[in-house]
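Tertiary structure, described
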Amino acid sequence: MINKKELIYMNIILITILSIFYSCNNSISNYYLTPISMNFFERNTSVLSKNILTGKENPNTIQYFVKVKSEYCLYGEQYLHKQAYNAYIDMYKHAQEEGIELKILSSHRTYYTQNWLWETNWEKNRNKFTTDSACVKNMLDYLSIPGTSRHHWGTDIDILSVSPEYFTYGKGIEALNWLNKNAKTYGYYLSYTPNREIGYNYEPWHWSYAPLSRKYLKQYIETITIEDLGNIKGISTVHFNEIINEYVLGINPELLPS
Ligand SMILES: [Zn+2]
């Protein structure tokens with residue numbers, strides 16, 4: 001039998017344990033409503049779930065993602081991993097002092113947005129090619145297969161424009177020169193550098209926050225399989241190993257995990 005005094009002590013211990021849990025989680029109800037494994041992924045920002053790695057999570061529901069203030073965006077609602085966002089703000093302010101405006105055109109992108117882009121391009125281009133395979137190869141010059149985009153991780157941003165010409169004159173080339181000189185100081189590296197032999201075309205606008213994206217790339221190649229990508233138009237014409245080796249890993253070598 002437990003006497004009244006022991007019961008009070010047990011209650012105090014229970015309340016203390018619950019308080020510690022509460023302080024570790026933003027919401028105790030959230031803790032109980034969320035599967036433990038998911039909760040672990042959301043709290044530990046150096047480990048991402050497969051759903052986050054492939055962009056299948058709503059950025060609003062990921063605790064360490066933040067909405068980018070509209071003053072930093074060209075348009076639309078943008079989300080970034082908060083660590084990448086803080087580094088971006090520091091870089092933005094430095095550039096602004098030197099007369100350069102590094103506004104974000106696109107940052108986090110979900111699997112579903114990427115799939116919409118993929119299917120829109122597929123419908124537009126399929127008739128130009130004799131085979132599905134040739135169409136996919138052409139689209140892979142400039143577009144990622146849904147579930148394989150670095151934009152899913154909240155670590156990568158497209159700055160100012162996605163037109164290669166934009167970065168050859170005026171404000172475009174000034175911004176690119178500034179980024180080539182200074183972005184590394186803030187952890188940002190160009191993902192799709194010029195003169196690579198494999199992978200996507202050169203993208204002077206796409207910059208990646210390396211302290212996080214190197215870790216996420218390692219997790220990606222260790223955990224993601226073709227089944228995680230889902231049913232995508234034309235995907236049966238490419239081998240998964242080819243997607244990984246040529247496109248996911250065919251990037252600026254400075255962004256590869258050590
Ligand atoms: Zn991009």
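Structural data are supplied above this passage.
Let us look at the structure shown here.

This part covers the overall build of the protein. Looking only at helices and strands, one finds 10 helices and six strands in the protein. By the burial criterion, 30% of the 258 residues in the protein qualify as buried. Excluding contacts between residues fewer than 6 apart, the proportion of contacts in the protein whose partners are at least 24 apart in sequence is 70%.

Turning our attention to the packing of helix α6 (residues 111-125) against helix α7 (residues 132-139). Contact pair α6 / α7: the axes reach a minimum separation of 11 Å and the direction vectors enclose 125°. Relative to α7, the element α6 is oriented oblique. The crossing of α6 and α7 is right-handed. Where α6 abuts α7, its residues Asn121, Trp122 and Asn125 lie against Cys135, Asn138 and Met139.

Both faces of strand β6 (residues 206-209) are covered, namely the face carrying His206 and Ser208 and the face carrying Trp207 and Tyr209. In the sheet, strand β4 (residues 156-159) pairs with β6 via three bridges, with the strands oriented antiparallel. Across the sheet, Asp156 pairs through a bridge with Ser208, a residue of β6.

Glancing now at the sheet that holds strand β5 (residues 188-190). In spatial order, the strands read β3-β4-β6-β5; together these four strands make up an open sheet with antiparallel pairing. Across the chains shown, the open sheet's two edge strands, defined by having one partner strand only, are β3 (104-106) and β5. The mean inter-strand angle of the sheet, taken between neighbouring strand axes irrespective of direction, is 45°. Running over the sheet, helix α9 (residues 210-223) touches β4, β5 and β6 and is turned about 85° from β6.

Turning our eyes to something else, we now look at unusual backbone geometry. With the exception of glycine, most residues fall at negative phi, and the peptide bonds are largely trans. Here Leu160, not a glycine, exhibits a phi torsion of approximately 70°, which is positive. Looking at where Leu160 falls in the secondary structure, it is placed in the loop between β4 and α8 (170-182). Although it is not a glycine, Asn195 sits at a positive phi angle of roughly 65°. For Asn195, the location among the structural elements is in the loop between β5 and β6.

Once that is clear, we can look at the nonpolar core. Grouped together as the largest cluster of nonpolar side chains are 39 residues, with contacts concentrated most on Met91, Ile159 and Trp207. Secondary structure elements with two or more residues in this core: α4 (50-53), α5 (82-97), β4, α8, β5, β6 and α9. With six residues, α5 is the single largest residue contributor to this core. Among all residues touching Trp207, those that are not within four sequence positions of it are Asp156, Ile157, Ile159, Leu179, Ala183, Tyr188, Tyr189, Leu190 and Ser191.

What follows covers α5. For α5, spanning 16 residues, the distance from its first C-alpha to its last is 23 Å, which sits close to the expected 22 Å at 1.5 Å a residue. Those residues of α5 that sit buried are Ala84, Tyr85, Ala87, Tyr88, Met91 and Ala95. The buried residues of α5 occupy one face: seen down the axis, they fall within an arc of 165°. Opposite its buried face, α5 presents the exposed residues Lys93, Gln96 and Glu97, each directed more than 90 degrees away. Positioned one or two residues after α5, Gly99 has a phi angle of 80°, which is positive.

Along the polypeptide, Leu212 turns up in helix α9. Expressed as a C-alpha distance, the spacing of Leu212 and Ser46, which sit 166 residues apart in the sequence, is 7.3 Å. Those residues in contact with Leu212, other than ones at most four positions away along the chain, are His81, Gln83, Ala84 and Thr155.

Moving on to α8. Helix length check: α8, at 13 residues, gives a terminal C-alpha distance of 18 Å against a target of 18 Å (1.5 Å per residue), a fit within 8%. Within the sequence span of α8, burial applies to Ala175, Leu176 and Leu179. All buried residues of α8 project into a common sector of 100° when viewed along the axis, lining one side. For α8, exposure combined with an orientation more than 90 degrees from the buried face picks out Gly170, Asn177, Asn180 and Lys181. Taken together, the buried residues of α8 touch β4 and β6.

Thresholds, definitions, all that
Residues numbered from 1 in each chain as written. Predicted model: local features only at pLDDT ≥ 70, side-chain atom pairs only at ≥ 80, totals over all residues. Helix = DSSP H or I, 4+ residues; strand = E, 2+ residues; numbered from the N terminus. Buried ≥ 20, exposed ≤ 12 C-beta atoms within 10 Å, placed from the backbone. Contact = placed C-beta atoms within 7 Å. Axes fitted to C-alpha atoms, helices over the stretch in contact; angles between N-to-C directions. Parallel < 35°, antiparallel > 145°, perpendicular 65-115°, else oblique. Left-handed = near helix turned anticlockwise from the far one by under 90°. Pairing = 2+ DSSP bridges. Core = buried A, V, L, I, M, F, W, Y, C linked by C-beta atoms within 7 Å. Expected span 1.5 Å × (residues − 1). Arc of directions from axis to C-beta.

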